[in-house]
Amino acid sequence: MSKSCLVTGKKTTSGNNVSHSNVKTRRKLFPNLQSKRLVDPSSGKTIRVTVSTRGLRTLRKWDREGTAYDLAALKKASLAS
């Protein structure tokens with residue numbers, strides 16, 4: 001499973017754990033990624049994608065507004081970069 005969102009491009013970032021005594025140690029902050037099987041509106045085929053929950057909301061909004069998008073092209077572009 002990839003570590004970045006197909007739609008939003010969210011990926012793992014770094015930050016600090018801060019203790020009560022204000023000692024800082026490095027940590028990773030992970031996006032809320034889900035592996036989903038979604039129907040590509042351009043081809044009608046089912047595609048397995050890794051998308052954040054915010055990305056799922058964006059896709060739902062695009063469907064509601066009638067915005068054209070191609071999941072296969074988004075997936076290919078995310079794998080290339």
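Everything below is about the structure printed above this text.
Residues numbered from 1 in each chain as written. Predicted model: local features only at pLDDT ≥ 70, side-chain atom pairs only at ≥ 80, totals over all residues. Heavy atoms only, no water.

A look at the packing of aromatic side chains
Spelled out, the test is: Put simply, two rings from Phe, Tyr or Trp (the six-membered ring, in Trp's case) pair if the centres are within 6.5 Å, and we call them stacked under 30 degrees between planes, edge-to-face over 60, tilted for the rest.
Per the stated rule, a full pass over the model turns up one aromatic pair. Ring centres 5.4 Å apart and planes at 50 degrees place the aromatic pair tryptophan 62 and tyrosine 69 in the tilted group.

A word on the nonpolar core
The tendency in soluble globular proteins is for nonpolar side chains to be buried side by side. Our working definition: Within this scheme, the nonpolar core is defined by two criteria: the residues are buried Ala, Val, Leu, Ile, Met, Phe, Trp, Tyr or Cys, and they are joined through side-chain atoms within 4.5 Å. A 1.4 Å probe rolled over the protein chains alone gives each residue an accessible area, and that area as a share of the maximum for its type sets the label: buried under 20%, exposed over 50%, partly exposed in between. Numbering of helices and strands starts at the N terminus; helices are DSSP runs of H or I of at least 4 residues and strands are runs of E of at least 2. Note on contacts: a residue pair qualifies if any of its non-hydrogen atoms lie within 4.5 Å across the two residues.
Core analysis: the largest hydrophobic core is formed by twelve residues, namely Cys5, Leu6, Val7, Leu33, Leu38, Ile47, Val49, Val51, Leu56, Leu59, Tyr69 and Leu71. Listing elements by their share of this core, those giving two or more residues are β3 (33-39), β4 (46-52) and α1 (53-65). Examining the composition of this core, we find that three residues originate from one element, β4, more than from any other. The residues contacting valine 7, other than those within four sequence positions of it, are Val51, Gly55, Thr58, Leu59 and Trp62.

Notes on unusual backbone geometry
Here the phi dihedral of asparagine 22 falls at roughly 70 degrees; this positive angle occurs in a residue that is not glycine. Along the polypeptide, asparagine 22 turns up in the loop between β1 (13-18) and β2 (24-29).

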